[in-house]
Amino acid sequence: MTDQSISTSPIPQHVAIIMDGNGRWAKQRGEQRVKGHQNGVQPIRDVVETAAKVGVKYLTLYAFSTENWTRPKDEVDALMTLLASVIESEVSTLHKNNVRLSVIGDIPSLPSEVQMKLQEACKFTGTNTGLTLTLALSYSARWEILEAIKKYTTDILNKKRDIHDLTENTFKQYLETANMPDPELMIRTSGEQRISNFLLWQLAYTELYFTEVLWPDFGEKDFIDAIIDFQQRERRFGKTSEQL
Ligand code: IPE
Ligand code: IPE
Ligand code: MG
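Residues numbered from 1 in each chain as written. Chains lettered and ligands numbered in written order. Predicted model: local features only at pLDDT ≥ 70, side-chain atom pairs only at ≥ 80, totals over all residues. Heavy atoms only, no water.

## Some points on the overall build of the chain
Put simply, the test is: Strands are runs of DSSP state E lasting at least two residues, helices are runs of H or I lasting at least four, and both sets are numbered from the N terminus onward. For a compact globule the rule gives 2.2 Å times the number of residues to the power 0.38, and the radius of gyration it is set against comes from C-alpha atoms. By definition in these notes, contact holds between two residues if any of their heavy atoms fall within 4.5 Å. Computed with a 1.4 Å probe, the accessible areas rest on the Shrake-Rupley method; for each residue, only the protein chains presented here act as cover. Under the convention used here, Asp and Glu are negative, Lys and Arg are positive, and both His and the chain ends fall outside the count. Every charge is mapped to an atom, namely NZ of Lys, CZ of Arg, CG of Asp or CD of Glu.
Along the chain, the regular secondary structure elements total 8 helices and 6 strands. Each helix and strand of the chain, ordered N terminal to C terminal, gives the series β-α-α-α-β-α-β-α-β-α-α-β-β-α. Compactness check: the chain gives a C-alpha radius of gyration of 18 Å against a globular reference of 18 Å for 244 residues, within 12% of the reference. If you line up the chain on its principal axes, its C-alpha atoms span 55 × 50 × 35 Å. Residue pairs at least 24 apart in sequence account for 76% of intrachain contacts in the chain once pairs closer than 6 positions are excluded. Total accessible area computed for the chain in this model is approximately 13000 Å², and 50% of it derives from carbon and sulfur atoms. If you average the places of the 28 positive and of the 33 negative side-chain charges in the chain, the two averages end up 2 Å apart.

Structure (structure tokens):
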């Protein structure tokens, strides 16, 4: 199917993706895991381009979790090196395509070179008005929620907030995703059917889509397939079908 065939149906404003399966992709080919990560870059380009083309406004990619720090040092180092070089090489294309880059996660825990490149790229693309591409780096949802609670509590202690004003809407402003709508669609590749500490608050009513495709093999068609699947779902938000 082409993007034409989905243009009349509702397009999710925000799509989140757990890009999984790089290691298995490499292993199937008798290669080192890092080869899988390297081959996971092109699908990112394809998905960013397709998302922008079909009118998705926010694309959030889970690239490195808090838990991923516990992987062998060689793999973590290779991922950080790859990250720094990809950000540097891609920023001009992102900018040309009017994409605004943003990051969520514990950014100060990343190597300083990565932090610097991220900061530059986010600043450089900061006023772009097309797709917002958010990378979740050194991110975990429980970390995010605890951080939000700490910030909220500090504001209460400093009398900037009142405990009685604590609502879903005021709390949301303290999350890393403060200015984004919740994802309507979450895609996970590689056949795993779990959330792995990703956007626990924001995914409360998200449609989940799991595919066996390993991330390095994921492409435009797979992304469109996920959107078409999403468009066939009935989102009831607790109501009955008849009420919609
Ligand atoms: C996803 O692929 C990339 C990261 C988590 C950084 P994996 O590296 O988890 O690949 P598998 O799950 O081992 O195949
Ligand atoms: C989730 O993948 C994190 C990212 C894709 C960045 P993992 O491969 O780390 O997840 P688990 O540990 O298998 O659940
Ligand atoms: Mg994995």
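## Observations concerning the site of ligand 1
Inclusion rule: What makes a residue near a molecule or strand is one non-hydrogen atom of that residue sitting within 4 Å of it. Between N or O atoms, a polar contact is any pair within 3.5 Å; within protein, one atom must be a potential hydrogen donor and the other a potential acceptor, and residues adjacent in sequence are included only when both atoms are from side chains.
In the vicinity of ligand 1 there are 13 residues, among which Asp 20, Gly 23, Arg 24, Arg 33 and Arg 71 approach most closely. At a separation of 3.3 Å, an oxygen atom of ligand 1 approaches a polar backbone atom of Gly 21. In the environment of ligand 1, an oxygen atom lies 2.7 Å from a nitrogen or oxygen atom belonging to the side chain of Arg 24. For ligand 1, whose accessible area on its own is 380 Å², the fraction buried by protein is 87%.

## Regarding the side chain of Asn 128
Worth spelling out the cut-off: Using a 1.4 Å probe on the protein chains alone, a residue whose accessible area is under 20% of its type maximum counts as buried, one over 50% counts as exposed, and one in between counts as partly exposed.
With respect to the secondary-structure elements, Asn 128 resides in the loop between helix 5 (112–124) and strand 4 (132–139). Since its relative accessible area comes to 12%, Asn 128 is described here as buried. A polar atom in the side chain of Asn 128 sits 3.1 Å from the side chain of His 95. Once residues within four sequence positions are removed from consideration, Asn 128 is found in contact with Leu 94, His 95, Asn 98, Val 99 and Arg 100.

## Things to note about the site of ligand 2
In plain terms, the rule: Basically, the charged four are Asp, Glu, Lys and Arg, the nonpolar ten are Ala, Val, Leu, Ile, Met, Phe, Trp, Tyr, Cys and Pro, and anything else, Gly included, counts as polar.
Residues in contact with ligand 2, as listed here, are Ile 18, Met 19, Asp 20, Tyr 62, Ala 63, Phe 64, Ser 65, Asn 68, Arg 71, Arg 188, Arg 194 and Ser 196. Isolated, ligand 2 exposes 380 Å² of accessible area, and the fraction of that covered by the protein chains is 79%. With 4 residues, the top contributor of residues to the shell around ligand 2 is strand 2 (residues 58–65). Each residue belonging to the shell around ligand 2 can be placed in one class, and the counts come to 5 nonpolar, 3 polar and 4 charged.

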